[in-house]
Structures are given as C-alpha cells and as structure tokens.
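# Results of the structural survey
Single-letter residue listing:
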Amino acid sequence: MMRIVKPKNARSKRAMDNRASKVIENTKKALTVRGSTCGILVQNAMADIAAYKQPDIKKFQKKNEIHPFEDVSSLEFFSQKNDASLIIFGSNSKKRPNTLTWLRTFNYQVLDMFELKILNYKTMSDFKTLAINVGMKPMFSFVGPIFDSHPHYQMVKSMFLDFFRGEQISMLDLAGLQYIISVTASGDGNISVYSGDTSNLPPINFRVYRIKTYKSTTQNKVPRVELEEIGPRFDFQVGRVREADPDMQKQAMRIPKELQPKAKKNVETDLLGDKVATIHVGKQDLMKMQTRKMKGLKKQRKEEFEEQGNDEFEDIIVSDEEQPRKRKRQID
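This text gives an overview of the structure that appears in the document. Just so we're clear, the structure is a prediction, and the values are computed from it rather than from any experiment. (Residues numbered from 1 in each chain as written. Predicted model: local features only at pLDDT ≥ 70, side-chain atom pairs only at ≥ 80, totals over all residues. Heavy atoms only, no water.)

Taken together, Val 23, Ile 24, Ile 255 and Leu 259 make up a surface patch of nonpolar side chains, about 360 Å² in accessible area. Mapped onto the fold, Ile 255 is located in the loop between helix 6 (246-252) and strand 11 (267-269). (Patch = residues over 30% accessible without salt bridge, like charges linked within 9 Å, V, L, I, M, F, W, Y side chains within 5 Å. Areas by Shrake-Rupley, 256 points an atom, 1.4 Å probe, with all protein chains shown as cover. Salt bridge = Lys/Arg side-chain N within 4 Å of Asp/Glu carboxyl O. Helix = DSSP H or I, 4+ residues; strand = E, 2+ residues; numbered from the N terminus.)

As for its placement among the helices and strands, Thr 105 is situated in strand 4 (residues 99-106). A polar atom in the side chain of Thr 105 sits 3.3 Å from the side chain of Ser 79. (Polar contact = N/O pair within 3.5 Å; in protein donor to acceptor, adjacent residues only side chain to side chain.)

Size it by volume and the largest pocket reaches roughly 1,800 Å³. Surrounding the largest pocket, 43 residues form its lining, Glu 25, Lys 28, Thr 105, Phe 106 and Ala 252 being those nearest its centre. For the lining of the largest pocket, the elements supplying multiple residues, two or more each, are helix 1 (10-19), strand 4, strand 5 (109-122), helix 5 (151-164) and helix 6. Per-element accounting of the lining of the largest pocket gives the leading share, 6 residues, to helix 5. Of the residues contributing to the lining of the largest pocket, the split by class is 16 nonpolar, 13 polar and 14 charged. (1 Å grid on protein atoms, 1.4 Å probe; cavity = no way out; pocket = protein on both sides within 12 Å on 5 of 7 lines; lining within 4 Å. Points joined across faces, edges and corners; volume = space filled by probe spheres on them. Nonpolar A, V, L, I, M, F, W, Y, C, P; charged D, E, K, R; others polar.)

Time to look at unusual backbone geometry. Here the amide bond leading from Gln 54 into Pro 55 is cis, since omega sits at 0 degrees, within 30 degrees of zero. Looking at the secondary structure, you find Pro 55 in the loop between helix 2 (40-51) and strand 2 (57-64). The omega torsion across Gly 231 and Pro 232 is 0 degrees, close enough to zero to call that bond cis. Inspection of the secondary structure assignment puts Pro 232 in the loop between strand 9 (224-229) and strand 10 (233-242). Phi at Asn 98 is positive, roughly 50 degrees, even though this residue is not glycine. Structurally, the position occupied by Asn 98 is in the loop between strand 3 (86-91) and strand 4. At Asn 107, a position not held by glycine, the phi torsion is positive, near 55 degrees. Assignment of secondary structure puts Asn 107 in the loop between strand 4 and strand 5.

Here we come to the packing of aromatic side chains. A complete count under the given rule lists 16 aromatic pairs for this structure. Ring geometry for Phe 60 and Phe 78: centres 5.2 Å apart, planes at 85 degrees, overall edge-to-face. With Phe 60 in strand 2 and Phe 78 in helix 3 (residues 73-82), this residue pair connects regions lying 18 residues apart in the sequence. Since its relative accessible area comes to 16%, Phe 60 is described here as buried. Look at Phe 78 and you get buried, because its relative accessible area is 15%. On the basis of an interplanar angle of 65 degrees and a centroid distance of 6.3 Å, the ring pair of Phe 206 and Phe 236 is categorised as edge-to-face. (Phe/Tyr/Trp six-rings, centres within 6.5 Å; stacked < 30°, edge-to-face > 60°. Buried < 20%, exposed > 50% of the residue type's maximum accessible area, 1.4 Å probe, protein only.)

Turning our eyes to something else, we now look at the pattern of salt bridges. Enumeration over the complete set of coordinates arrives at 11 salt bridges. Taking the shortest distance from any N to any O, the salt bridge between Asp 148 and Lys 157 comes out at 3.2 Å. Given the relative accessible area of 54%, Asp 148 is considered exposed. Of the charged contacts, one joins Arg 233 and Glu 229 as a salt bridge, the two residues approaching to 2.9 Å between their closest N and O atoms. By relative accessible area, Glu 229 is classed as buried at 19%. Ionic contacts of the salt-bridge type, sharing partners, join the residues Lys 28, Arg 104, Asp 112, Asp 162 and Arg 165 into one network.

Moving on, we get to the nonpolar core. Leu 100, Trp 102, Phe 163, Ile 204 and Phe 206 are the most contacted members of the largest nonpolar core, which totals 40 residues. In terms of residue count, the dominant contributor to this core is helix 5 (7 residues). If sequence neighbours within four positions are ignored, Ile 204 has contacts with Leu 116, Tyr 153, Val 156, Val 183, Thr 184, Ala 185, Phe 234, Asp 235, Phe 236 and Val 238. Residues Leu 31, Val 72, Leu 75 and Leu 103 belong to the second largest nonpolar core, which totals 13 residues. (Core = buried A, V, L, I, M, F, W, Y, C linked by side-chain atoms within 4.5 Å. Contact = heavy atoms within 4.5 Å.)

Now for helix 3. Buried within helix 3 are the following residues: Leu 75, Phe 78, Ser 79 and Asn 82. Angularly, the buried residues of helix 3 cover 100 degrees about the axis, an arc narrow enough to put them on a single face. Where helix 3 is buried, its residues touch helix 1, strand 1 (30-35), strand 2, strand 3 and strand 4. Asp 83 sits one or two positions beyond helix 3 and adopts a positive phi of about 55 degrees. (Arc of directions from axis to C-beta.)

See the structure below:
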C-alpha cells in the first residue's frame, strides 16, 4: 500500500501542491554541490556558471563525501529535499583534476550525467565588465556538426539548453536579448568512444558574449551588432558519461494530452514548413455568372462590329462629368 502524506497546515499544503505534477511544470531549479576535495578554481567556476542561472539556483557551501558515478543516493536526496532537477557537482583529484559533473534528475532519480574536465578557465572578474542582470535569457550558438551526430555531445547540448533555459515564456522583448553563449567543438562526430576512452574527443569551447547594438552607418535600418566577451571562458574535455535509461527517458519526454497539438482536418505541413490545406468547394453554376460588368468581357468596339456586318451603330459621347467613356446604342 502507498503511504499518503497529509499536510498538517496550510503552509505544508501549499508546498505539496507546488511540488505536485503539473501540465506546465515549474521552472527547473539547480544546485551546486562541492565534493570532499574541491579547489578554489572549481568553486569559482561553479559560481560563475551560477550567475547565469539566478535566481533559480542554490549553492551548497559545505563539502560532501560523494562519488556520483559510484553512488548517487546523496545527490538524489538533495534533489528531493530542495525540489531541484539540475545539479553541478565540483571535485578535484589527482586522477580527475578540476572536474564538473553535470546531472539531470527525473522524479528525483538521476536520469543522465557526464563529466567536463576544465582545461582552461578565465573568470568573469578578469574581463572587467558590468554585472549580469538577473533573469535575462541568453541565446545559444552551437558550432560544429558533432553536436548533432555524436551521442555524448548531443547530451552536452541538451544539458546546456536545459540548464540555462530559465522560465518558459510565450513572448520576449528584444531588449532582453543581451547575452549569447557560444559553444564550439571541432570534429565531424565519427569518432568512436564506445571503448570507454574519451581522451580522443575534441575539447568544448564555452564563451559568453554581450550583444551591443549601434546605429547603422548605411541606409539600412538594421542596427550594427558587435559582440563583447564578458566571461566566463572555459575549455572543457568530456570525461565519463552515464546515458539515460531508455524507459525512464521515454517517460520523462512524454507530453501531456492537454499540450499535444490537435490534428486539423485537411491541413498538412510540407518539407519547407509551409502550411498546405485542402478546400472543398461546392458545384458552381457558370450560367448564372455576371459577365457584362467584367472588363475582359465587354462589347467590342464599333470597327470590330462593322467587320462583322453590324453597321447600324452610332457613338454617343457622354460628358466627362457623368461618365468618361463611350457607349453604343442600336438605331431603331
């Protein structure tokens, strides 16, 4: 039998309702967790990443004896306790120095995770730029075909988009698009890593730019756009990867019936994304169509009628004020 927990007061009832399943889920929250050995470089890296996730992130200050690829029970407990589905775990060891482990949970159970080793890092304070505005939604640019062909890089792309998405909105002011995150990786995605060795994978370059617009110097009204790097700057190397269980991933990707688009009859979308519809029109009686007033079906000129033997016509010129055109009348 399932144990049903009943709220004791109104506050606990609101908290349970907030965590309950919804058709449109809440904004995904994140956690940054320190390992037992977490150096200052890893701590600064997690702090710079958390700056773009504010205010939907919580930073743990204490160290925790956790090894994610061996036991994830502690991280799943943190996820359930804080109602967070995204976790960044920072650690530093001799075998795996300066490593960030990115985890994603579903129903408070680890769905998938991977390691990113920090090869090069430049903090935001080194760029000496203005502070980041809270709540801004960054744009993303993934450069390289490997993000669409290699399974490990597809997971990295999905995790980054999920982590920095923020609140789901239907409309956005262009003034709010102030940042762009560029993620670059070389290679064509044909590298085999199923042997367990990921050292031959190309590194991932993570850059953040501020978008600046200036008045165009040409006649074109489109403003001139420039990019200014504001940090942080990372060079990552993909480490260990744990892919999602197929059954759990299928359950996590399920779309509720309320959000599924309703099929419209006789309406299709072609390969170019254009909407094509079939319209059924009833049978038309062409004998009842009004043709005299159509410009292309008016009577011919006098000369044309004379060629046909109809010379009993004369031209009557109507004044310009009444109707500036000629009429033809048959003489009795």
